[in-house]
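A look at the structure
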Amino acid sequence: MLIWLRQHVIATPLHAPLHALFHRLPPALFPHPSKRLVPSAGSRHQRIQSRPGNHGDRERVITGNRQTSWAFADAFVAEDEALRWARDRAHEAGLRPVSPGTGAALRLLAATVDAKAVAEIGTGTGVSGIHLLHGMRPDGVLTTVDPEPDRQQFARQAFRAAGFASNRARFIPGRALDVLPRLADAGYDLVFCDGDRLECLDYLAESLRLLRPGGLVVFEGVFADGRTVESGPQPAEVGRLRELLRAVRESQDLVPSLLPVGDGLLCGVKR
Ligand SMILES: C[S@@+](CC[C@H](N)C(=O)[O-])C[C@H]1O[C@@H](n2cnc3c(N)ncnc32)[C@H](O)[C@@H]1O
């Protein structure tokens, strides 16, 4: 996220018109910038513009404060030994687990929907799973899917170290698109997607089937380190993420929100 800030916020002076910042965004992703980006009367941007003084200094102070605030928010909920252990195993395996701030958001979301049944795509070594379990009901069960049994074995150990009974998690080895069709319609309160980004549109379709009304679908990493909002050529997975963002925003079946936490957490509540 800091990379995104550096490229898109720091590079665009705050005293420039706000829409200059958003002109860098791919038009296909933001088809109606004029409707969305004009600051309202009395907005923070206008207040900053109207003050006299050195804009460059003020910009640096605000940007520095934002980065500090971002780091503060990400570390706001402390992680325990079990989470640190799972995080270390993830890094050894070359995986990127959810950030502590994203983990805290996952806890919050699981608690908000009073989750009894959660489906997770992409177990990894269990960082996101521990956060989800902390937010779920004490009798809730996490069903977690990953094609790599070794990683699931680490996650199993991490869940145990975090104090969760073995019946709180159901580990299913396999690829999401082979496993999800076997899970029950409307049987889940939350679906967390952190598997193969190229498959994210299929995960969305499966999630809409799996969720009960009022349930939540959550996608991790939709900023793709800032590439989602870069205008230059991007890999196929970024194209898929842009399609996903559009699909969630425009779906009549979802109430959407894009949370700027970690590498971008895209959420939708099923109507
Ligand atoms: C970024 S890691 C997940 C990290 C984990 N959610 C966490 O925060 O600890 C992505 C995981 O998705 C798994 N994966 C890759 N393709 C998948 C697929 N088609 N279905 C399910 N999982 C997949 C990988 O094996 C990897 O463990």
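Presented here is a report on the structure given in the accompanying data block. (Residues numbered from 1 in each chain as written. Predicted model: local features only at pLDDT ≥ 70, side-chain atom pairs only at ≥ 80, totals over all residues. Heavy atoms only, no water.)

Next up on the list: the overall build of the chain. Summing up its helical and strand segments, the chain has 12 helices and 7 strands in all. Among the 271 residues that make up the chain, the fraction classed as buried is 46%. Counting contacts in the chain only where the partners sit at least 6 residues apart, residues at least 24 apart contribute 68% of the total. When the accessible surface of the chain is totalled, it reaches about 13200 Å², and 56% of it is carbon and sulfur. (Helix = DSSP H or I, 4+ residues; strand = E, 2+ residues; numbered from the N terminus. Buried < 20%, exposed > 50% of the residue type's maximum accessible area, 1.4 Å probe, protein only. Contact = heavy atoms within 4.5 Å. Areas by Shrake-Rupley, 256 points an atom, 1.4 Å probe, with all protein chains shown as cover.)

Looking now at the environment of Leu 180. Along the chain, the position of Leu 180 falls in the loop between α10 (176-179) and β4 (188-193). When the C-alpha positions of Leu 180 and Arg 209 are compared, they lie 9.8 Å apart, and in sequence the two are 29 residues distant. Discounting chain neighbours no more than four positions away, the residues touching Leu 180 are Ile 121, Glu 206, Arg 209 and Leu 210.

Let's shift gears to the site of the ligand. Taken together, 23 residues form the shell around the ligand, and within it Ser 128, Asp 146, Arg 151, Ala 176 and Asp 194 come nearest. Note that a nitrogen atom of the ligand is positioned 3.2 Å from one of the side-chain N or O atoms of Arg 175. Taking Glu 199, its side chain carries an N or O atom lying 3.2 Å from a nitrogen atom of the ligand. Alone, the ligand offers 600 Å² of accessible surface; in the complex the protein occludes 90% of this. Listed by contribution, the elements that provide at least two residues to the shell around the ligand are α8 (127-135) and β2 (141-146). Grouping the constituent residues of the shell around the ligand by class yields 9 nonpolar, 6 polar and 8 charged. (Near = heavy atom within 4 Å. Polar contact = N/O pair within 3.5 Å; in protein donor to acceptor, adjacent residues only side chain to side chain. Nonpolar A, V, L, I, M, F, W, Y, C, P; charged D, E, K, R; others polar.)

Now for the sheet that holds strand β3 (residues 169-173). One key point about sheets: their strands pair by backbone hydrogen bonds, in either a parallel or an antiparallel sense. Strand order in the open sheet formed by 7 strands is β3-β2-β1-β4-β5-β7-β6, with mixed pairing between adjacent strands. Two strands bound the open sheet, and with one partner strand each, they are β3 and β6 (254-259). Shown here is a sheet whose adjacent strand axes are inclined to one another by a mean of 15°, direction ignored. Packed onto the sheet, helix α9 (residues 149-161) meets β2 and β3 and runs at close to 175° relative to β3. (Pairing = 2+ DSSP bridges. Axes fitted to C-alpha atoms, helices over the stretch in contact; angles between N-to-C directions.)

To continue, consider the packing of helix α6 (residues 81-92) against α9. In the contact formed by α6 and α9, the axes pass within 8 Å of each other and the chain directions differ by 165°. In terms of axis orientation, α6 runs roughly antiparallel to α9. The handedness of the crossing between α6 and α9 comes out as right-handed. Counting all contacts with α6, which are made through Ala 82, Trp 85, Ala 86 and Arg 89, the residues of α9 involved are Phe 154, Gln 157, Ala 158 and Ala 161. Taken together, the residues of the contact of α6 with α9 break down into 6 nonpolar, 1 polar and 1 charged. (Parallel < 35°, antiparallel > 145°, perpendicular 65-115°, else oblique. Left-handed = near helix turned anticlockwise from the far one by under 90°.)

All right, on to helix α11 (residues 200-210) then. Listing the buried residues of α11 in full gives Cys 200, Tyr 203, Leu 204, Glu 206, Ser 207 and Leu 210. The inward-facing, buried residues of α11 abut β1 (117-121), α10, β4, β5 (211-220), α12 (236-250) and β6.

Take Asp 253: it is sitting in the loop between α12 and β6. The class for Asp 253 is partly exposed, based on a relative accessible area of 43%. Spatially, the C-alpha atoms of Asp 253 and Lys 270 are 5.8 Å apart, while their sequence positions differ by 17 residues. Sequence-distant contacts of Asp 253, defined by excluding residues within four places in its chain, comprise Leu 208, Val 269, Lys 270 and Arg 271.

Attention now goes to the packing of aromatic side chains. Per the counting criterion, the structure on display carries 3 aromatic pairs. With 5.9 Å between their ring centres and 65° between their planes, Phe 72 and Phe 76 make a pair best called edge-to-face. Both residues of the pair, Phe 72 and Phe 76, belong to the exposed class. Ring geometry for Trp 85 and Phe 154: centres 5.9 Å apart, planes at 70°, overall edge-to-face. Taken together, the residues span a long stretch of sequence, with Trp 85 in helix α6 and Phe 154 in helix α9 at a distance of 69 residues. Looking at Trp 85, the relative accessible area reads 27%, which means it is partly exposed. Relative accessible area serves as the criterion here: at 31%, Phe 154 is assigned to the partly exposed category. (Phe/Tyr/Trp six-rings, centres within 6.5 Å; stacked < 30°, edge-to-face > 60°.)

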